[in-house]
Amino acid sequence: MTPGAAQRPAADSQDTPPAPGTGTPPAIDITGLRVRLGGREVLRGVSLALAPGARVAVVGPNGAGKTTLLRAAAGLVRPRAGAVRFHGGAAGAAAASFGFLGHRPHVYPYLTARENLAFAARLYGLADAQQRIDASLHTVGLAADAERLPREYSRGMLQRLGLAAALLPEPAVVLLDEPDASLDRAGLRGLPAMLDALAPGAAVLFSTHDEHVARSLNARVVHMRRGRLDAPPAAAPAVEPAAAANPPARPRRGFAAAAAVLIAKDLRVEWRAREQAPTMLVFALLAALVFDMAFIAVLHTEAAAVAAGVLWASLVLAATLGGVRLFASEHDRGTLDGLLVAPIDPSSIYAAKLAVLTLETAFVGLVQLGFVSLLLNVPLLQGVTVGAVLLASAGMSAVVALQSALVVNARAREVLLPLLALPLSFPILLAGVGLTLGALQVTPDAAQGPWFGLLAAAGGVSLSLGVVLYPFAART
Amino acid sequence: MREALAHIPHRELPSGRRFGLGSAAMYALLLLSMGLAIFMTFVYAPAERVQAEVYRLLFVHVPSAWLAFLAFGVVALGSVMYLARGRQRWDRLAHASAEIGVMFTTLTLVTGAIWGRNVWGVWWQWDPRLTTTLIMWFMYTGYLSLRAYVDDPSIRRRAASVLGIAAVVTVPIVWFSVEWWRSLHPRPSITSPGGGMPGEMLVTLLLSVGAFTVFYLVLLRQRMTLELAASEVSRLREIMQDQREDDR
């Protein structure tokens, strides 16, 4: 044990007044936490307090509830009862002042290590980010691999990068779910130094299977079994901690600023991975061919009417397809958790996803205008139709993005999403077809105003619903 | 099973819900009002001049449609209250009401199709009222699918509540579709001025609406009780499981 570590204040036990003698509120104060997941009581009244600077390892078998305890502490899981407070603040209000490393590191495989950290820095609104990023990369041993994409990394390297990203804002409270997972021997040896360097003086609550890891980090061990902490060890006399002062809560980033950071990240990821837009485009073109063939009997006599139908049906289907992976990819990668614990308005996550899907759908729609014009020899490329495609792309994306967030935890979500998104897309489809028929003079006395009104109204209602309701859908 | 239950503290056991006076009164009212509505539909109300007997479907079609609107409104209310208060009973209300609403919408569509076959000569018309009603039916079928596809109860309740609020936008679209678009569907004959129907028909229709409302309330209560029983059973199972593990 290093001398510095010997001075580390101990975790306070259950029923022990927080940080006795110091008068400082505990860095983490968990009281009577009960969580039910999948119809099972996973946490059954967990109480635990950590003084500023203390380190506590939660050790227990699989299924004991360690991960849920950390997720609940991070605010990612809603407790049925009990509360989590940081530095004596209101329960759940201090989202800004902790770092969280989940079961899967919050790393984007198509952003380089440096870009991943730069994204975290922008999300948290950090000043002097460049210096900190360089130092972090050096500390976790990834300086030489900083410009590589994490998709080429080993599991251990991903874990190091995840740790660097979680600790980049130098949080005063750190929550780590098995930080030793996948680390090689050198990584394990270096873990204490990484923590000391990246989050000096922070209170650290972490889970592990390995008590050696707990000892190497000079952490007090508490055992967890079936959702309860075993009788916690007697509290050691508290020592005045070096960094006991209450850290100021980090201000929340503004809605627009956060959304802009997220949009820039998503566009960069899409540019590199090309997972969404090209697939949506090819699907839309293919759907146009399918519809053309289906209506082959009337293609010559009713080309304009078929063109309007083909354009909008394929566009609605393409937007729905784009929605399938919109939230699912972040969810499956674990990065959605990283966004939800960041000091941003959750609605900005929805707004960013919506904006990106709008751009992709609009791109597909504009190409489709040209493609269907060529296929059916009708003049679809007009101001009205271009305007309709742009407005409808936003409206459809608003519908699809909310439903995409809703089905993220569902079985067979790929099948379910169209079921939920299509019924709400009908007004947009109808208005789009109406406008296009008017532009092609299929309906001679067409007044375009009401159709644009319907498009705007449908989009506006969907957008408002999404912004208001997404935060409710986001947390489990 | 019995032994395991014996360990459960008494307060953990579900409160027995007996068939009390309230239930008896409700069922009596249902029997009475439905009986009267059937009598009035087939005997009291006169035959219609043009449509003859088939118009009597109206006394099922219109109340089902209205009750479907009410049921989906209750889904939205239950969903808002669940998100605001977090009490599970609000979610049970929304779920039960959605199931009944889908049933009433199905009844509306089926009776409408039968009526249409006789009056228009076709089962289905691409008419705004019909189409928007079908879309509403799909929307709430989707709501029930979402509930079926999310395994975690707390995630399911939250997701369903969000959808229960978003889905209700389809209700005013159906309601106003005959105003907004040229429609073949008969226009409201009670609420619109000058659209009057003979007194006997109006009384029969109103009584049918009353009987269907009692039917809705009885179903709602029954479905919510069933849901409560199911959740209490799973809670008891969990307690038994815990005790078994503690005993080990």
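The model shown is predicted, which means the values in this text are computed figures rather than measured ones.

**Overview of the pairing of strand S9 (residues 220-225) of chain A**
Residues and elements named next belong to chain A.
Argument step 1. Judged by which residues are buried, S9 turns out to be one-sided: Arg-220, Val-222 and Met-224 face inward and are buried, whereas Val-221, His-223 and Arg-225, on the alternate face, are not.
Argument step 2. Sheet topology note: the strand S4 (residues 55-59)/S9 ladder contains four bridges and is parallel. Each bridged residue has a counterpart across the sheet, and for Val-56 the counterpart in S9 is Arg-220.
Argument step 3. Where S9 and strand S10 (residues 228-229) come together, two bridges link them in antiparallel fashion. Counted as the bridge partner of Arg-225 is Arg-228 from S10.
Argument step 4. Between the antiparallel neighbours S9 and S10 lie two residues, among them Arg-226 with a positive phi of about 45°.

**Thoughts on the environment of Leu-206 of chain B**
Argument step 1. Relative to the assigned elements, Leu-206 of chain B resides in helix H8 (residues 199-247).
Argument step 2. When the C-alpha positions of Leu-206 of chain B and Phe-59 of chain B are compared, they lie 8.7 Å apart, and in sequence the two are 147 residues distant.

**Description of the interface of chain A and chain B**
Argument step 1. Every contact between the two is made by 27 residues of chain A and, on the other side, 26 residues of chain B.
Argument step 2. Broken down by secondary-structure element, the contributors of at least two residues to the side of chain A that touches chain B are strand S2 (28-37), strand S3 (40-50), helix H14 (383-406), helix H15 (413-439) and helix H16 (448-474) of chain A.
Argument step 3. Per-class residue counts for the side of chain A that touches chain B are 17 nonpolar, four polar and six charged.

**What to know about the environment of Leu-391 of chain A**
Residues and elements named next belong to chain A.
Argument step 1. Positionally, Leu-391 belongs in helix H14.
Argument step 2. Sequence spacing of Leu-391 and Thr-358 is 33 residues, and the spatial spacing of their C-alpha atoms is 9.0 Å.
Argument step 3. Setting aside chain neighbours within four positions, we find Leu-391 in contact with Leu-455, Ala-456 and Gly-459.

**Comments concerning the packing of helix H10 (residues 303-324) of chain A against helix H13 (residues 346-376) of chain A**
All names here are of chain A.
Argument step 1. Between H10 and H13, whose axes approach to 10 Å, the crossing angle comes to 155°. The angle between the axes of H10 and H13 places the two elements in the roughly antiparallel class. Crossing of H10 against H13: the hand is right-handed. Contacts from Ala-303, Val-306, Ala-307, Val-310, Leu-311, Ser-314, Leu-315, Ala-318, Ala-319, Gly-322 and Gly-323 of H10 reach H13 at Leu-357, Glu-360, Thr-361, Val-364, Gly-365, Gln-368, Leu-369, Val-372 and Leu-376.

**Focus: the domain arrangement of chain A**
By convention, interface size is frequently given as the accessible area that disappears when the constituent parts associate.
All names here are of chain A.
Argument step 1. Annotation of chain A at the domain level lists domain 1 (3-229) and domain 2 (255-474).
Argument step 2. Look at where the C-alpha atoms of domain 1 and domain 2 centre, and you get two points 39 Å apart.
Argument step 3. Tallying the contact residues gives 17 residues for domain 1 and 16 residues for domain 2.
Argument step 4. With three residues, helix H3 (residues 113-123) is the largest single contributor of residues to the side of domain 1 that touches domain 2.
Argument step 5. Looking at the side of domain 1 that touches domain 2 residue by residue, the class counts come to 11 nonpolar, four polar and two charged.

The rules behind the values
Residues numbered from 1 in each chain as written. Chains lettered and ligands numbered in written order. Predicted model: local features only at pLDDT ≥ 70, side-chain atom pairs only at ≥ 80, totals over all residues. Buried ≥ 20, exposed ≤ 12 C-beta atoms within 10 Å, placed from the backbone. Helix = DSSP H or I, 4+ residues; strand = E, 2+ residues; numbered from the N terminus. Pairing = 2+ DSSP bridges. Contact = placed C-beta atoms within 7 Å. Nonpolar A, V, L, I, M, F, W, Y, C, P; charged D, E, K, R; others polar. Axes fitted to C-alpha atoms, helices over the stretch in contact; angles between N-to-C directions. Parallel < 35°, antiparallel > 145°, perpendicular 65-115°, else oblique. Left-handed = near helix turned anticlockwise from the far one by under 90°. Domains from an automatic or database assignment.

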